[in-house]
Structures are given as structure tokens and as C-alpha cells.
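What follows is the residue order along each chain.
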Amino acid sequence: MRWKKLGRVFSPAGDIEWMSSHAAVPIAESVGGDRFKIYFSSRDTRDRSHTGYVVIDISNPQEILDISAAPVLSPGDLGEFDDSGAMATWLAVNGGKRYLYYIGWNLGATVPFRNSIGLAISLDGKHFERFASGPIVDRTASEPHFVASCCVLSDGDKWLMWYLSCTAWQMINGKPQHRYHIKYAESEDGIHWRREGVVAIDYANESEYAISRPSVIREENKWKMWFSYRGESYRIGYAESADGKSWTRLDGLVGIDVSPSGWDSEMIEYPFVFDHEGRRYMLYNGNGYGKTGFGLAVME
């Protein structure tokens, strides 16, 4: 597996209030032909997260064909789980409906933030409405810290989710540091989820403390996952599975790394992998967790 980088696609110019910076956690939706709508999370001038999009032609990805005039999702009302940000993390299509799963977050006091997973639904592909004012996946008695970025696929009469699950906060050099990996859950409707503590991607070692943004593709009798992992700085990892639950990490086969210089020279993270016209593509972020925008790569 080897990826050819096609360059940075988009980074906000900073002239829109709700899109002042960042284009994090990109998601591709085919809108016909070679055109794709790329959803992403931006930051406003108050450092809150909104979800917007751009439209590109994948044969000429640096040319932006359209940009959202207003956010698809904005922070929720005061005191709600997403009043500091609504960051899209996955789009699933089922029965003519689009299910946009997003990370809702609050600022914290003892720790910097708390995340949960919310859901917005669209019937027309243009306007998304929150399913509820509260999260559909949140911390529980057995997962007491937080949950965040997820991948959701429908498989027959089941829905499958791979999601970030925080296992601890610990004080490092006087500051709280999270530790999270990826777990697995199932659902009958994409809304109510059974979580039994199944760990899909676990820490490789003690120095690894962040595993996030799973992106899963099924190929006949094999499941493939790309994800982010971090010790010193983020890199993109890769794993395979026979059943979607038990995974073998094969990070050395991922075939993509930081560039020698430029916008993705310090870190690469938050992969979104998709197929189009017989080719496999990857959207990803670079330096600054999306602050330098997102890029595109194609598998050679």
C-alpha cells in the first residue's frame, strides 16, 4: 500500500466569522460525477466548532467549486452537550436519509473539555436537523470519561460503530492529559447503541495515548481501518479484521507519512478513506489538528 499525495485542498482564508480557522476531520460525500461535497469542522472567532463544506471535482481537487454560505451545524444552546462545538465526524446514508454523526463538546473545569456523539438527520441532503438536543452516545457507568470521533456503517440489518473512547485523564507535567482508544458498538437503527466494551484498536505501548478518527472499509471477507494515533505527534495507522471486531494493527503498511516540509510536515491525522471510479482516496489533516486545512491522497 502506497499513497500519492495530491496536495492541500482547502484551508479557510479567515474572512468568515464562523470559519475563521481550521478545516478538521474531513468527510467526502459523492454528489454526482467526479464532484464531492467535503464536510469539515471549522473554528469561529470565539474558538467554537462549526460544520461546513466545500465542493470539489476530484480530478482537479484544488479548485473549490462551492463553499457553504452558512454552517451545516453550529454549537447548541447554552448548557447543552454541544454548546462549545458541533464537529461532524461521519456521514451514513440509509433509506434515503443522511445521518450526520458529530462530536459535541463542552469546555471543562478540572479537564479542558468533554465530548459526546450527537446526530443530525437530513431528508434532502441539504438541511440537517438535530435528532435530539442531547447526545446519542455519551459517557456511562463503564465509560466514565468521554466518547468522540466515530465511523458508522450499515451492514444488513445491523449498524456498526467504531468510536473513540477515553479511558483516563492523568496529570502530566502539571496538566491533564487524556488517554483514548477505539471501541466497537452495534445498533438496529443507527440511534440506540449497544456498547459492551469491545476494544477494536488498543494502545501499542505506554507512550501512545491518543487513537482517533477510525475510517473503515469492507472488502469481501476482510475489514480495513485507517485511524490516527499519537505519542509525540499524530500519524496515520492501519489495521485489518476478519469480523470488524477483532483487529490486527499493521501500521507499518499504511504507506503515508509526514512530508519533508510544508503544511503536513509535523503531523498527519484524521483520515477519511473512500473509493471512486476504481481508485481509493484519502482525505486527511496535517499540522495543527486541522488548522492548516485538509489534503487529498490517492492509492498507487
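Residues numbered from 1 in each chain as written. Predicted model: local features only at pLDDT ≥ 70, side-chain atom pairs only at ≥ 80, totals over all residues. Heavy atoms only, no water.

Draft legend 1. Quick look at the pattern of salt bridges. Under the counting rule described, the total for this entry stands at 19 salt bridges. Linking Glu219 and Arg280 is a salt bridge whose minimum nitrogen-to-oxygen distance equals 2.7 Å. A residue pair is termed long-range when its members are at least 10 positions apart, and Glu219 in strand β14 (residues 210-219) and Arg280 in strand β19 (residues 279-285) qualify at 61 residues. By relative accessible area, which is 27% here, Glu219 ends up partly exposed. (Salt bridge = Lys/Arg side-chain N within 4 Å of Asp/Glu carboxyl O. Helix = DSSP H or I, 4+ residues; strand = E, 2+ residues; numbered from the N terminus. Buried < 20%, exposed > 50% of the residue type's maximum accessible area, 1.4 Å probe, protein only.)

Draft legend 2. Up close: unusual backbone geometry. One non-glycine residue, Val25, adopts positive backbone phi at about 50°. Turning to its location among the elements, Val25 is positioned in strand β2 (residues 21-32). At Tyr289, a residue that is not glycine, the phi angle is positive and equals roughly 55°. Tracing the backbone shows Tyr289 in the loop between β19 and β20 (294-299). Note on Tyr289: relative accessible area 35%, which makes it partly exposed.

Draft legend 3. Here's a closer look at the sheet that holds β19. Strand order in the open sheet formed by four strands is β1-β20-β19-β18, with antiparallel pairing between adjacent strands. Only two strands of the sheet have a single neighbouring strand rather than two, namely β1 (3-10) and β18 (269-276). Averaged over all neighbouring strand pairs, the angle between strand axes comes to 25°, with direction disregarded. Strand direction decides the pairing type here: β18 and β19, joined by six bridges, are antiparallel. Within β19, the residue paired with Phe274 across the bridge is Tyr281. (Pairing = 2+ DSSP bridges. Axes fitted to C-alpha atoms, helices over the stretch in contact; angles between N-to-C directions.)

Draft legend 4. Here's a closer look at the environment of Pro26. Position of Pro26 relative to the elements: it lies in strand β2. You can call Pro26 buried: its relative accessible area is 0%. Spatially, the C-alpha atom of Pro26 lies 7.7 Å from that of Thr89, the residues being 63 residues apart in sequence. Discounting residues that sit within four places of it in the chain, Pro26 has contacts with Ile38, Tyr39, Arg213, Tyr270, Phe272, Leu283, Tyr284, Asn285 and Phe294. (Contact = heavy atoms within 4.5 Å.)

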